[in-house]
Amino acid sequence: MSNAIFITGTDTGVGKTIATAALARLLRKQGINVGVMKPVTSGCVERDDSVVSEDAELLAWAAGVPLDEECAPYCLRTPIAPAVAASRENVRIDFSRIRDAFESLVNRHDFVLVEGAGGLMVPLSGGLMVADLVLALKLPLLVVARPDLGTINHTVLTCFAAKQLGIEVRGTIINSYPDKPDTAEEYAPHLIDSLSGAPLLGVFPKVEAADQRIIVETLTNHLSGQGTTKILLREIGIENI
Ligand SMILES: Nc1ncnc2c1ncn2[C@@H]1O[C@H](COP(=O)(O)OP(=O)(O)OP(=O)(O)O)[C@@H](O)[C@H]1O
Ligand SMILES: C[C@H](N)[C@H](N)CCCCCC(=O)O
Ligand SMILES: [Mg+2]
């Protein structure tokens, strides 16, 4: 079993990158040699004649590792499902190249966090979806969810689909939980915990900041002070490192 976990979301924009970066920073602060990977990014930015995955950039900063090709092997410009972006940009997404990069990261680090793209059923290449990549890398899953109305259905469906496909779901995280939750948000954690078939491992607060590094740092400090963080880390496989 690899010392790694795949982080998916119930949707795009739920906070996979922020949650993954906060975990990476927390591990790094605990002295763990953590690696990060964003195998496929769509919606990359052009900078100095290169195409940069801002997700991978934040993850690499959080983990304190260089942003190299193994960390972000496929960087696509078009902000759309990666299979479509790749075909428009004449790129062939090759799972064996991703697997080789992943194996190299696993060999270089104590633990590796791998962020997906969008949700579990997002097409990556031809008929292959994010779920197929999770299976190809033989990784367990952590599911990041929204806190608000609709999240119960999305989270339970994601966990259900993962299990049907033979993917082990280690747990869920609700991200961007507001200071003053409405009634739906008050009930969501308990219902997600009891209905998704996987433990709710964390409720990460919404941080009122514009700078993503400040959001990550604030979440990292929040997690460091939480008794439940030890359980979260144990469940994703950190305990024996
Ligand atoms: N806990 C939080 N507090 C405040 N803002 C947050 C938090 N989590 C995420 N955000 C903001 O929400 C937006 C979406 O977050 P993020 O980019 O991490 O989503 P994602 O699931 O990784 O999306 P994608 O599918 O594009 O990879 C970003 O602007 C991010 O800064
Ligand atoms: C561009 C965006 N931020 C993500 N990288 C890709 C999200 C693809 C979602 C596809 C879908 O579920 O309809
Ligand atoms: Mg992201």
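Residues numbered from 1 in each chain as written. Chains lettered and ligands numbered in written order. Predicted model: local features only at pLDDT ≥ 70, side-chain atom pairs only at ≥ 80, totals over all residues. Heavy atoms only, no water.

Residues Leu-23, Leu-113 and Ile-236 are the most contacted members of the largest nonpolar core, which totals 39 residues. With 8 residues, the single largest contributor to this core is helix H1 (residues 16-29). Apart from residues lying up to four places away in sequence, Leu-23 is in contact with Leu-113, Leu-142, Ile-173, Phe-204, Leu-223, Leu-232, Leu-233 and Ile-236. Counting residues in hydrophobic clusters, the runner-up holds 34 residues, among them Met-37, Phe-95, Ile-98 and Val-134. (Core = buried A, V, L, I, M, F, W, Y, C linked by side-chain atoms within 4.5 Å. Buried < 20%, exposed > 50% of the residue type's maximum accessible area, 1.4 Å probe, protein only. Helix = DSSP H or I, 4+ residues; strand = E, 2+ residues; numbered from the N terminus. Contact = heavy atoms within 4.5 Å.)

Attention shifts here to the site of ligand 1. Near ligand 1 you find 19 residues, and of these Thr-12, Lys-16, Thr-17, Asn-175 and Gln-212 are the closest. Backbone polar atom of Ile-18 to an oxygen atom of ligand 1: 3.1 Å apart, as the coordinates give it. In the complex, the protein chains occlude 76% of the 630 Å² of accessible area that ligand 1 would expose alone. More than half of the atoms of ligand 1 fall within 2 Å of the grid points belonging to the largest pocket. Breaking the shell around ligand 1 down by element, the ones donating at least two residues are H1, strand E7 (111-119), strand E11 (169-177) and helix H8 (212-224). Class assignment of the residues belonging to the shell around ligand 1 gives a composition of 6 nonpolar, 8 polar and 5 charged. (Near = heavy atom within 4 Å. Polar contact = N/O pair within 3.5 Å; in protein donor to acceptor, adjacent residues only side chain to side chain. Areas by Shrake-Rupley, 256 points an atom, 1.4 Å probe, with all protein chains shown as cover. 1 Å grid on protein atoms, 1.4 Å probe; cavity = no way out; pocket = protein on both sides within 12 Å on 5 of 7 lines; lining within 4 Å. Sits in = over half its atoms within 2 Å of the grid points. Nonpolar A, V, L, I, M, F, W, Y, C, P; charged D, E, K, R; others polar.)

Around ligand 2, the neighbouring residues are Thr-12, Ser-42, Pro-79, Ile-80, Ala-81 and Val-122. Measuring from a nitrogen atom of ligand 2, one finds a side-chain N or O atom of Ser-42 at 3.2 Å. Summarising the interface, the protein chains cover 59% of the accessible area of ligand 2, which totals 390 Å² for the free molecule. Given that more than half its atoms are within 2 Å of the pocket grid, ligand 2 belongs to the largest pocket. The residue makeup of the shell around ligand 2, split by class, is 4 nonpolar, 2 polar and no charged.

What follows deals with the packing of aromatic side chains. Two aromatic rings are characterised by how far apart their centres lie and by the angle between their planes. Applying the stated criterion across every chain, the model contains 0 aromatic pairs. Just above the ring of Trp-61 sits the side chain of Arg-25; from NZ or CZ to the centre is 4.1 Å. Positioned over the ring face of Tyr-74 is Arg-97, at 4.4 Å from the centre of the ring. (Phe/Tyr/Trp six-rings, centres within 6.5 Å; stacked < 30°, edge-to-face > 60°. Lys NZ or Arg CZ within 6 Å of the ring centre and 35° of its normal.)

It is worth spelling out the coordination of the magnesium ion (ligand 3) at this point. Taken together, Thr-17 (OG1), Asp-55 (OD) and Glu-115 (OE) make up the full set of protein donors to the magnesium ion (ligand 3), lying 2.0 to 2.2 Å away. Counting the intervening residues between successive donors of the magnesium ion (ligand 3) yields the motif T-x37-D-x59-E. One end of the pair, Thr-17, is in helix H1; the other, Asp-55, is in helix H2 (residues 54-63), with 38 residues separating them in the sequence. On the basis of relative accessible area, Asp-55 is assigned to the partly exposed category, the value being 24%. (Donors = N, O, S within 2.8 Å, 3.2 Å for Na, K, Ca; no water.)

In this section: the sheet that holds E11. On the basis of which strands lie adjacent, the open sheet formed by 6 strands has the order E2-E7-E1-E10-E11-E12 and parallel pairing. The open sheet has two free edges, formed respectively by strand E2 (34-37) and strand E12 (200-205), since each of these has just one partner strand. On average, each strand axis in the sheet is inclined to that of its neighbour by 20°, with strand direction left out of account. The strands touched by helix H7 (residues 183-195) within the sheet are E11 and E12, with E11 carrying the most contacts at an inclination of about 175°. (Pairing = 2+ DSSP bridges. Axes fitted to C-alpha atoms, helices over the stretch in contact; angles between N-to-C directions.)

The UniProt feature table records "binding site: substrate" (unreviewed entry) at Ser-42. With respect to the secondary-structure elements, Ser-42 resides in the loop between strand E3 (40-41) and strand E4 (45-47). Here Ser-42 is in contact with Leu-76, Thr-78, Pro-79, Ile-80, Pro-82 and Ala-85, once residues within four sequence places are set aside. (UniProt positions renumbered as here; feature names shortened; annotations may be inferred.)

The subject of this paragraph is the environment of Ala-21. Turning to its location among the elements, Ala-21 is positioned in helix H1. Residue Ala-21 is classed as buried on the basis of its relative accessible area of 0%. Residues Ala-21 and Val-203, 182 residues apart in the sequence, show an inter-C-alpha distance of 15 Å. With residues up to four places along the chain from it excluded, the contact list for Ala-21 reads Leu-58, Leu-59, Ala-62 and Val-216.

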